[in-house]
Each structure stands twice: as structure tokens, then as C-alpha cells.
Amino acid sequence: MSDEVVLEVEGLWKVFHIGFFRKRVEAVRGTSFKVKRGEIFGLLGPNGAGKTTTIKAILRLIFPSEGEIRIFGRSADDREAAKRVGYMPENPYVYQYLKPLEFLDLCGRLVGIPKAERRARSEEMIDKVGLRHAIDRPIGKFSKGMMQRIGLAQALLHDPELLVLDEPMSGLDPIGRKEVRDLLLEQRERGKTLLFTSHILSDVELLCDRVVIMQQGEITSEGQVHDLLETVGRQVEIRLSGASQALKDSLGSRGTIVDDGAGHVTLRVEGQKTVEEVIRISNAAGARLDAMIPERQTLENLFLSNAGR
């Protein structure tokens with residue numbers, strides 16, 4: 001990852017006026033973030049948080065009410081910048097009667113890939129996304145997971161520098177998700193930059209370098225995945241044996257204690273200082289430390305915490 005900013009969103013607002021009375025709906029409210037070259041950036045949030053609206057504004061499928069968007073240092077309206085972007089929508093729109101190679105050939109023509117190169121690139125993408133077995137099948141006969149694969153193939157076809165993927169794992173089985181994860185990591189190794197949304201938080205945690213979490217059109221958390229998970233208060237489970245009743249009474253004020261009987265105690269505490277204090281007191285009282293198990297904060301817990309707020 002370099003410090004070069006590939007995508008910059010600054011003060012983005014998108015307001016819709018819906019219905020007969022033109023009710024004002026603020027889908028995105030002052031969102032700002034930067035995506036650097038060579039990173040995988042996750043845009044997270046529950047349904048209706050403003051993720052897809054943000055992506056569509058970046059791609060100029062809709063126009064912002066306020067704010068600026070720059071791609072490769074240029075305005076999002078710049079055609080040369082747009083040529084360097086690949087996009088996969090949440091529900092890929094394809095011609096149902098075309099076969100995979102025919103569809104990719106059409107996509108290649110639309111982005112200006114020469115005829116000879118189109119065929120070679122299309123064949124390569126078919127193998128890359130695992131659709132060789134369906135090469136002669138009309139796309140309209142594809143399953144949801146296969147539709148996602150052909151959508152990913154068209155996004156990769158012209159070898160873009162920035163990939164914008166809206167729910168690329170949707171509809172894929174565990175094997176398919178693993179294959180797509182490997183494909184996305186391969187793109188990063190080639191120096192590509194990826195922005196994607198997903199509700200499959202375990203995949204986000206495995207893939208992303210940085211994430212933002214959106215709620216009701218606003219960013220509520222932002223940063224590197226590791227840092228976000230570390231900054232949330234983490235508990236540690238401490239298991240002791242040979243604990244006297246006096247020690248149990250002393251430790252009860254420092255966390256949640258469970259008396260397992262026969263001098264065995266399980267204590268849940270929060271914070272490094274408290275952990276050190278419990279160990280010091282236990283050693284002084286002659287108890288034995290059997291185990292110390294840090295609670296692993298997950299992206300799902302952080303996501304749910306944000307949703308609760």
C-alpha cells in the first residue's frame with residue numbers, strides 16, 4: 001500500500017425528494033473518506049445506511065447534492081479517470097440470452113478493448129471466475145452465485161486500477177466465497193485498489209485493510225480493521241485454582257466471577273491494569289493461574305455495537 005490517494009470523497013451529501021409531497025430523504029450525510037493505492041477498503045453498514053448511494057455517486061450513476069469526489073486526483077466526471085475503474089453492481093444487469101463469452105465481448109467493445117484482445121481477455125476471465133463449465137449456457141439460466149461470477153468477470157475484463165464491488169460475495173457458497181476472496185487478494189498483490197461493500201463480516205475482516213461503518217448516511221467508525229478491534233474494550237478470562245474464599249471475595253469487585261467449586265474460579269475482567277492486578281493478588285494469595293484467555297473482538301461485534309448506538 002502506498003500513500004497515493006486513488007479515491008477521495010469529501011463532504012458527500014445526497015438528498016432525494018420522494019412521493020407526491022416531495023418528502024426529503026437524506027441518504028448520505030456529509031460522508032468523507034480516502035482510499036489509498038493498493039489497499040482493500042470496506043464500506044460497511046446495515047441496509048439503508050447509504051453504502052450503495054455512495055458508490056453510485058462515486059461512479060456518477062447518480063449526482064451528489066453536495067460534496068466533491070476525486071478519482072486518481074481528477075473529478076469523478078473525468079472520462080479518463082472513469083476508464084480506470086471497474087464496477088460490479090450488487091445485482092449485475094446482463095442480457096439474459098447471451099452466453100458468457102458473448103456478454104464479455106459486448107462489455108469489452110463498450111470499454112474499447114480491441115477485438116483480438118477481447119477474445120483472449122474474455123477466455124481468461126471465464127477461467128478466473130470459474131465459469132468454464134457454463135460456457136455454452138445462456139446467462140438467463142445462471143444461478144445467483146453464477147450471476148455474481150459473471151458480474152465480477154466483466155468488472156475485471158479491462159484490467160482496471162480501481163475495483164468498486166457492491167456485495168461481491170452475495171449468493172456464493174463457501175467454496176465460491178473462498179475463490180472470490182483469493183481473486184480479490186490477487187488483485188491487491190498486482191497493485192490494484194479495491195473498494196467493496198459486504199454484509200459477510202467474516203470476509204471483510206479477512207480481506208480489508210481499512211473500513212468505514214455507516215449508519216443512517218453518516219460514518220460512525222473508521223480506521224484499520226486491527227486498530228478498530230483493538231480499541232474496543234476487550235475482556236480477559238482468567239482461570240484460577242486453589243483460590244481461597246477470601247481471594248474470591250477480593251476478586252469479586254474487579255470483574256465477573258464464577259465459582260466452579262473446589263477452589264476453581266473463572267474471572268472475567270477488562271483492561272490490562274486490572275488483569276495485572278488480579279494476577280498479582282492471586283499469586284500473593286497462593287492461587288495458581290491455570291489460563292488467561294483474551295476475548296477476541298470481532299468486526300461483527302463492532303458492527304452490532306454501532307447499530308445499537
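One structure accompanies this document, and this report is about it.

Here's the deal with the overall build of the protein
Okay, step 1: For the protein, the count of helices and strands is 11 helices and 14 strands.
Okay, step 2: Against the globule reference of 19 Å for 309 residues, the protein gives a C-alpha radius of gyration of 25 Å, more extended than a compact globule.
Okay, step 3: Each of the three principal axes of the protein carries a C-alpha extent, and together these read 80 × 50 × 40 Å.
Okay, step 4: Within the protein, buried positions represent 46% of all 309 residues.
Okay, step 5: Summarising the internal contacts of the protein: among those between residues at least 6 apart in sequence, 69% fall at separations of at least 24.
Okay, step 6: With an accessible surface of roughly 15,800 Å², the protein has 50% of that area assigned to carbon and sulfur atoms.
Okay, step 7: Distance between charge centroids for the protein: 5 Å, based on 45 positive and 45 negative side chains.

A word on the nonpolar core
Okay, step 1: Core analysis: the largest hydrophobic core is formed by 45 residues, its most contacted members being Leu-104, Phe-142, Ile-150, Leu-152 and Leu-165.
Okay, step 2: Ranked by residue count, the leading element in this core is helix 5 (residues 144-156), at 7 residues.
Okay, step 3: With near-sequence residues (within four places) excluded, Leu-104 lies in contact with Ser-122, Met-125, Ile-126, Ile-150, Ala-153, Gln-154 and Leu-157.
Okay, step 4: Formed by 26 residues, the second largest nonpolar core is a distinct cluster that contains Leu-7, Phe-33, Ile-58 and Leu-162.

Here we look at the environment of Arg-121
Okay, step 1: As for its placement among the helices and strands, Arg-121 is situated in helix 4 (residues 115-128).
Okay, step 2: With relative accessibility at 15%, the residue Arg-121 sits in the buried group.
Okay, step 3: When the C-alpha positions of Arg-121 and Asp-105 are compared, they lie 9.0 Å apart, and in sequence the two are 16 residues distant.
Okay, step 4: Sequence-distant contacts of Arg-121, that is, excluding residues within four places in its chain, are made with Leu-156, Leu-157, His-158 and Asp-159.

Points about empty space enclosed by the protein
Okay, step 1: For the structure shown, the criterion picks out 1 cavity of 30 Å³ or more.
Okay, step 2: Approximately 50 Å³ is the volume found for the largest cavity.
Okay, step 3: Residue lining of the largest cavity: Lys-128, Val-129, Arg-149, Leu-152, Glu-179, Val-180 and Leu-183, and that is the complete set.
Okay, step 4: Breaking the lining of the largest cavity down by element, the ones donating at least two residues are helix 5 and helix 6 (174-189).
Okay, step 5: Ranked by residues supplied to the lining of the largest cavity, first place goes to helix 6 with 3 residues.
Okay, step 6: For the lining of the largest cavity, the class distribution of residues is 4 nonpolar, no polar and 3 charged.

A few points about the packing of aromatic side chains
Okay, step 1: One pass over the structure, following the stated rule, counts 2 aromatic pairs.
Okay, step 2: An angle of 20° between the planes, with centres 5.3 Å apart, marks the rings of Phe-33 and Phe-41 as stacked. Each member of the pair, Phe-33 together with Phe-41, is buried.
Okay, step 3: The ring of Phe-16 has Lys-14 lying over it, and the distance from NZ or CZ to the ring centre is 5.1 Å.

Structural notes on the packing of helix 3 (residues 100-110) against helix 4
Okay, step 1: Packing of helix 3 against helix 4 brings their axes to within 9 Å, and their N-to-C directions diverge by 130°. As the angle between them shows, helix 3 and helix 4 are arranged oblique. Crossing angle aside, the handedness with which helix 3 passes helix 4 is right-handed. Residue-level inspection shows Pro-100, Leu-101, Leu-104, Asp-105, Gly-108 and Arg-109 of helix 3 in contact with helix 4, the latter providing Arg-118, Arg-119, Ser-122, Glu-123, Met-125 and Ile-126.

Rules and cut-offs
Residues numbered from 1 in each chain as written. Predicted model: local features only at pLDDT ≥ 70, side-chain atom pairs only at ≥ 80, totals over all residues. Heavy atoms only, no water. Helix = DSSP H or I, 4+ residues; strand = E, 2+ residues; numbered from the N terminus. Rg over C-alpha atoms; globule rule 2.2 N^0.38 Å. Buried < 20%, exposed > 50% of the residue type's maximum accessible area, 1.4 Å probe, protein only. Contact = heavy atoms within 4.5 Å. Areas by Shrake-Rupley, 256 points an atom, 1.4 Å probe, with all protein chains shown as cover. Lys, Arg positive; Asp, Glu negative; His and termini not counted. Charge placed at Lys NZ, Arg CZ, Asp CG, Glu CD. Core = buried A, V, L, I, M, F, W, Y, C linked by side-chain atoms within 4.5 Å. 1 Å grid on protein atoms, 1.4 Å probe; cavity = no way out; pocket = protein on both sides within 12 Å on 5 of 7 lines; lining within 4 Å. Points joined across faces, edges and corners; volume = space filled by probe spheres on them. Nonpolar A, V, L, I, M, F, W, Y, C, P; charged D, E, K, R; others polar. Phe/Tyr/Trp six-rings, centres within 6.5 Å; stacked < 30°, edge-to-face > 60°. Lys NZ or Arg CZ within 6 Å of the ring centre and 35° of its normal. Axes fitted to C-alpha atoms, helices over the stretch in contact; angles between N-to-C directions. Parallel < 35°, antiparallel > 145°, perpendicular 65-115°, else oblique. Left-handed = near helix turned anticlockwise from the far one by under 90°.

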